[in-house]
Amino acid sequence: SEAVDAVVEAVRRLDVSAVAVGLLFSFAHPGHERQIAAALRAALPHTHVSASHEVLPEIREYERISTTVVDAYLTPVLRRYLDRLGARAHAAGLPSPSIMQGTGGVLPIEAAAEHAAWTVLSGPAGGVIGAAAFARAEGVQRALTFDMGGTSCDVALIEDGEPARTAATLIAGHPVHLPQLDIVTVSAGGGSIAWADSGGALRVGPRSAGARPGPAAYGHGGDEPTVTDANVALGRLDPDVVLGDAIRLDPDRARAAVNRLGSELGLGEAACASGIVAVANQEMIRALRRVSVERGIDPRGCTLIAFGGAGPLHAAEIADELGIDRVLCPPAAGLLAALGLVVAGERRDYVQTVLKEVHDRSRLQDDLGLMAAQAAREMPGGGLEASADCRYRGQTHTLTIPWSADRPASELRETFHAAHRTRYGDCDPSRTVEAVSLRLASSRPGREPVLAGRREGSPTPGPAVLPMRGATCWIAAGWEGERDSLGAVRLEHAR
């Protein structure tokens, strides 16, 4: 049509590398959006086109189009990288790589190259998948994961050996409404810089020293005090241990950086260093409360699984604040995200808005059957797991409720009432329940790693340092720690 031709010509004049196409009701009637996307792809074969009905066929146009814009922005960059990666793997005689998604499952490289938004938060997702495998190996039913690296900290909830999931997150202020692991990220890591605000209060982050120049203790030119420098000044990091086979910590530089800030705040070296650690810990504790208390979960009934290069260093003190009595630090804690990528299974997620009342005549099973047929075409033999985004009629937001098509819709309604009471403290069984969207995941399981070793020796009482491969574990006062035959560390509160 003339309107489509005008759109194509306007995009041609802009000379852009990617286009996001989003129409108001494409989640229900994608025909017009398909027409525009097809015309753009035919006329501009070197321009990437992300169409919202392909990225996210779901109601709420702002979130859908925001997600599509993120996908369009990232996909050309990721595709170039993945094309090079795939070519190098082929030239080396290696299998085609699989790519981690934010859902914690992997995709073939070709599929991942089509939609970069599916890979958002894929790095932290790898750590959560590794932590979930460790939780299963240890027989832990409910755990909080605590992944602290150099620039950020990522936390999540695990129940019955499986990570919690969500359908929405916020990336740099932009809503991304795609199925993914329910991970909360805060800017608190070993490289986070400590500073004094205009009121003379000690603050930590969000600025980071990064890897270069890094903390003052690295000796690469950094002179601002970081969380790592505070740990060095407190004697919790061994200066004789070479980090990454390249960096030997310099305690004098670390103490000098901490003392400069201490002078500004009127604090001695030990008080300033302890304050830096305490402020950073509080930021991470707030994140852990978001994935536990704000989800209706009491953290005191959880085990804390600490990993990342800095996680085991802060875990005991953070557990103390949350009332947690047990901390597990997996073997090779600094590399657990990489292990999670290796053991993750293949996964594809599907969503479709239906907007139907939940009752046994609503034919939700038919809608789910169409999605299952698509999943069977794209991943034959995959195990299916379904859920529905439900709400009371008149509500804006939804709760995602597990459901199976072989169960009556009335069961979905009753499960929603119970979930609403758990999350919000009440429910109203007399109100009409509406299914907004149906969700389906098709997956093939990955490999279960051997992560549980034999306990060796007697517990070490704190305060003490236990070196780990790729990390350091700090046993705080009032705690005991022991290492097993695979290098994992278990901390228990000595009550």
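Higher on the page you've got the structure.
Residues numbered from 1 in each chain as written. Predicted model: local features only at pLDDT ≥ 70, side-chain atom pairs only at ≥ 80, totals over all residues. Heavy atoms only, no water.

**Describing the state of the cysteines**
As used in these notes, a disulfide is a covalent bond between sulfur atoms, one from each of two cysteines.
Part 1 of the argument: This model, assessed by the stated rule, comprises 0 disulfides.
Part 2 of the argument: Of all cysteine sulfurs in the structure, the one in Cys329 sits closest to Cys153, which takes part in no disulfide; the separation is 13 Å.
Part 3 of the argument: Of all cysteine sulfurs in the structure, the one in Cys427 sits closest to Cys390, which takes part in no disulfide; the separation is 14 Å.
Part 4 of the argument: For Cys390, a relative accessible area of 0% corresponds to the buried category. (Disulfide = S-S within 2.5 Å. Buried < 20%, exposed > 50% of the residue type's maximum accessible area, 1.4 Å probe, protein only.)

**Here we look at the packing of helix H6 (residues 122-138) against helix H11 (residues 336-343)**
Part 1 of the argument: Where H6 contacts H11, the axes come no closer than 6 Å and their chain directions differ by 80 degrees. When the interaxial angle is binned, H6 and H11 end up roughly perpendicular. The segment H6 lies against H11, with Gly123, Gly126, Gly127, Ile129, Gly130 and Ala131 engaging Leu336, Ala337, Gly340, Leu341 and Val343.
Part 2 of the argument: Across the contact of H6 with H11, the residue classes break down as 6 nonpolar, 5 polar and no charged. (Axes fitted to C-alpha atoms, helices over the stretch in contact; angles between N-to-C directions. Helix = DSSP H or I, 4+ residues; strand = E, 2+ residues; numbered from the N terminus. Parallel < 35°, antiparallel > 145°, perpendicular 65-115°, else oblique. Contact = heavy atoms within 4.5 Å. Nonpolar A, V, L, I, M, F, W, Y, C, P; charged D, E, K, R; others polar.)

**Focus: the pattern of salt bridges**
Part 1 of the argument: Counting across every chain of the model gives 30 salt bridges.
Part 2 of the argument: Across the salt bridge formed by Glu317 and Arg236, the nearest N and O atoms sit 3.1 Å from each other. Of the two residues, Glu317 is situated in helix H10 (residues 311-322) and Arg236 in the loop between helix H7 (227-233) and strand S15 (242-243); the sequence distance between them amounts to 81 residues.
Part 3 of the argument: Overall, the relative accessible area of 22% leaves Glu317 in the partly exposed class.
Part 4 of the argument: Note on Arg236: relative accessible area 10%, which makes it buried.
Part 5 of the argument: Each of Glu138, Arg326, Asp484 and Arg490 takes part in one network of salt bridges that share partners. (Salt bridge = Lys/Arg side-chain N within 4 Å of Asp/Glu carboxyl O.)

**Points about the pairing of strand S22 (residues 433-444)**
Part 1 of the argument: In terms of burial, S22 is largely enclosed, as 10 of its 12 residues are buried.
Part 2 of the argument: Bridging between strand S19 (residues 346-357) and S22 involves 10 bridges; their strand directions are antiparallel. Each residue of the ladder has a partner; that of Gln352, found in S22, is Leu438.
Part 3 of the argument: Here strand S20 (residues 383-392) runs beside S22; their pairing, made up of 10 bridges, is antiparallel. Bridge pairing links Glu385 to Ala441 in S22. (Pairing = 2+ DSSP bridges.)

**Regarding the side chain of Ser387**
Part 1 of the argument: Summarising the element assignment, Ser387 is placed in strand S20.
Part 2 of the argument: Dropping the residues within four chain positions of it, Ser387 is found in contact with Thr400, Ile401, Pro402, Trp403, Ser437, Leu438 and Arg439.

**Some points on the layout of surface pockets**
Part 1 of the argument: Each pocket or cavity is described by its volume, and for the second largest pocket that value is around 810 Å³.
Part 2 of the argument: Lining of the second largest pocket is provided by 33 residues; of these, Pro57, Asp349, Tyr350, Val351 and Gln374 occupy positions nearest its centre.
Part 3 of the argument: Elements that contribute at least two residues to the lining of the second largest pocket include exactly helix H3 (52-55), S19 and helix H12 (364-378).
Part 4 of the argument: Class assignment for the residues of the lining of the second largest pocket results in 16 nonpolar, 9 polar and 8 charged. (1 Å grid on protein atoms, 1.4 Å probe; cavity = no way out; pocket = protein on both sides within 12 Å on 5 of 7 lines; lining within 4 Å. Points joined across faces, edges and corners; volume = space filled by probe spheres on them.)

**Examining the packing of aromatic side chains**
Each aromatic ring pair is described using two quantities: the centre-to-centre distance and the angle formed by the ring planes.
Part 1 of the argument: Scanning the model with the defined rule gives 2 aromatic pairs in all.
Part 2 of the argument: Each ring, one from Phe25 and one from Phe27, has its centre 6.4 Å from the other, and the planes form 50 degrees; the classification is tilted.
Part 3 of the argument: Given the relative accessible area of 52%, Phe25 is considered exposed.
Part 4 of the argument: Residues Tyr392 and Phe416 carry aromatic rings whose centres are separated by 4.9 Å and whose planes lie at 75 degrees to one another, so their mutual orientation is edge-to-face. On the criterion of sequence distance, the pair formed by Tyr392 in strand S20 and Phe416 in helix H13 (residues 409-424) is long-range, its members being 24 residues apart. Each member of the pair Tyr392 and Phe416 is classed as buried. (Phe/Tyr/Trp six-rings, centres within 6.5 Å; stacked < 30°, edge-to-face > 60°.)

**Re the nonpolar core**
Part 1 of the argument: Of all hydrophobic cores here, the largest spans 74 residues; its most connected members are Phe146, Ile276, Met284, Leu304 and Val327.
Part 2 of the argument: The element that contributes the greatest number of residues to this core is helix H9 (residues 269-290), accounting for 9 residues.
Part 3 of the argument: Not counting chain neighbours up to four residues away, the residues in contact with Phe146 comprise Cys153, Asp154, Val155, Met284, Leu304, Ile305, Ala306, Phe307, Gly311, His314, Ala315 and Ile318.
Part 4 of the argument: With 21 residues, the next largest nonpolar core counts Val354, Met371, Ala409 and Ala435 among its residues. (Core = buried A, V, L, I, M, F, W, Y, C linked by side-chain atoms within 4.5 Å.)

**Points about the pairing of strand S5 (residues 142-148)**
Each regular strand shows side chains that alternate between the opposite faces of the sheet.
Part 1 of the argument: For S5, a buried count of 6 out of 7 residues is recorded, marking the element as mostly surrounded by other parts of the structure.
Part 2 of the argument: Pairing between S5 and strand S6 (residues 153-159): 7 bridges, direction antiparallel. Counterpart to Ala143 in the pairing with S6 is Ile158.
Part 3 of the argument: Where S5 folds back on S6, the antiparallel hairpin that results is connected by 4 residues.
Part 4 of the argument: Examined bridge by bridge, S5 and strand S17 (residues 303-307) share 5 bridges and lie parallel to one another. In the sheet register, Thr145 faces S17, and the bridge partner there is Ile305.

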